[in-house]
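# Architecture and fold: a report
Listed below, chain by chain, are the residues.
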Amino acid sequence: MATERINQAADAAGLAAMISRASEQTGDGKRGLPPVERWNPPFCGDLDMEIRADGTWFYMGTPIGRAPLMRLFSTVLRKEDDGKTYLVTPVEKVGIRVIDAPFVAVEMTVTQRDGVTVLTFRTNVGDVVEAGPDNPLRFEIAGENRELKPYLLVRGRLEALVSRAVMYDLAELGETEEIDGVSMFVIRSGGAVFPVMPQAELDALVT
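Residues numbered from 1 in each chain as written. Predicted model: local features only at pLDDT ≥ 70, side-chain atom pairs only at ≥ 80, totals over all residues. Heavy atoms only, no water.

## Observations concerning the sheet that holds strand S12 (residues 147–155)
Each strand in a sheet pairs with its neighbour through backbone hydrogen bonds, running either in the same direction (parallel) or in the opposite one (antiparallel). Applicable threshold: Here, strands pair whenever DSSP counts at least two bridges between them. A run of H or I in DSSP becomes a helix once it reaches four residues, and a run of E becomes a strand once it reaches two; helices and strands are each numbered from the N terminus. The axes are straight lines fitted to the C-alpha atoms, using for helices just the contacting stretch, and the angles between their N-to-C directions are given from 0 to 180°. Two residues form a contact once any of their heavy atoms are found within 4.5 Å.
Sheet architecture is open: six strands sit in the order S10-S9-S8-S13-S12-S11, paired in mixed fashion. At either margin of the open sheet sits one strand with a lone partner, and together these are strand S10 (128–130) and strand S11 (137–142). Averaged over all neighbouring strand pairs, the angle between strand axes comes to 40°, with direction disregarded. Of the strand pairs in this sheet, S11 and S12 are connected by six bridges, and their pairing is antiparallel. Bridge pairing in S12 links Leu-137 to Leu-152. Contacts from helix H3 (residues 164–171) reach strand S8 (103–113), strand S9 (116–123), S11, S12 and strand S13 (158–162) within the one sheet, and its direction differs from that of S8 by about 25°.

So this is what it looks like as structure tokens:
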């Protein structure tokens, strides 16, 4: 049943062991990521696991403090078109809770490649992603305080929330460009242009 919940400690340990074996057997070599988009196992219920907005993983209400275990679980995450996020192995699929985004971008480097600015991000679980046409940035204005929240597409439908510290560095790289007749504040990376917000709206926020 969809409401079934898996919450025994043995389930998490067994799932971790299965994921490890799947990674060893089917990793693509280049990134060591299992081909979760090609797997279609049955749904086996919800695991009492949560990824909070700051990127901290919890299992049964307790933080998962081991970085290698977090990394292992992160390699088999899949967000589906129902908006929910799952841990997926060749033989089972279990639901988990994600408060905001499953990853957090905690570092950014700026390089030039053939005269083009390239922004490269590192996530809290070790993914290194170049922002560009295949991995776009998007921006939301959230909350009563109209907080700017940038997101980076990491893979599939999985995104990283850009941390506040990195966001400030990112904003320093912005420039103004006219798009469809509107003066927009934009970020460039990998030959792509990512609109943040109308320049007039940004000016109103900072004054």
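## Digging into the environment of Leu-173
Cut-off, in case you're wondering: Burial status follows relative accessibility: with a 1.4 Å probe on protein chains alone, a residue under 20% of its type maximum counts as buried, one over 50% as exposed, and anything between as partly exposed.
Structurally, Leu-173 is set in the loop between H3 and strand S14 (175–179). You can call Leu-173 partly exposed: its relative accessible area is 31%. Considered as a pair, Leu-173 and Val-110 are 63 residues apart in the sequence and their alpha carbons are 9.4 Å apart. Setting aside its immediate chain neighbours within four residues, Leu-173 contacts Met-108, Val-110, Leu-119 and Ile-187.

## Digging into the sheet that holds S14
Strands sit in the order S14-S15-S16 across an open sheet of three strands; the sheet is antiparallel. If you trace the sheet from one side to the other, it starts and ends with S14 and strand S16 (192–198), each paired once. Pairwise comparison of adjacent strand axes, ignoring direction, gives a mean angle of 50° for this sheet. Taken together, the six bridges between strand S15 (residues 182–189) and S16 define a ladder with antiparallel strand orientation. Pairing of Phe-185 across the sheet is with Met-197, part of S16.

## Let's talk about the packing of aromatic side chains
We count it as follows: Any pair of Phe, Tyr and Trp rings, taking the six-membered ring for Trp, is counted once the centres come within 6.5 Å. Such a pair is stacked with planes under 30 degrees apart, edge-to-face with planes over 60 apart, and tilted for the rest. Two conditions define a charge sitting above a ring: the NZ of Lys or the CZ of Arg must be within 6 Å of the ring centre, and it must be within 35 degrees of the ring normal.
Scanning the model with the defined rule gives two aromatic pairs in all. Centre to centre, the rings of Trp-57 and Phe-73 are 6.3 Å apart; their planes meet at 15°, and the pair counts as stacked. Taken together, the residues Trp-57 in strand S3 (residues 57–59) and Phe-73 in helix H2 (residues 67–74) connect sequence positions 16 residues apart. Here Trp-57 matches Phe-73 in class, with each residue buried. The cationic tip of Arg-52 hangs over the ring face of Phe-58; the distance from NZ or CZ to the ring centre is 3.6 Å. For Lys-93, the ring lying beneath its charged end belongs to Tyr-86, and the centroid distance is 4.7 Å.

## Observations concerning the pairing of S13
Regular strands show a simple pattern: their side chains alternate between the two faces of the sheet. Burial within S13 is extensive, with five of its five residues counted as buried. What you see with S13 is no split at all: Leu-158, Ala-160 and Val-162 on one side and Glu-159 and Leu-161 on the other are buried throughout. Looking at chain direction, S8 and S13 are connected through three bridges and run parallel. Across the sheet, the residue bridging to Val-104 is Leu-161, located in S13. Examined bridge by bridge, S12 and S13 share four bridges and lie antiparallel to one another. Looking at S13, one finds that Leu-152 is bridged to Ala-160. Remark: two residues form the turn of the hairpin made by S12 and S13, two consecutive strands paired antiparallel; Gly-156 in that turn has positive phi of roughly 55°.

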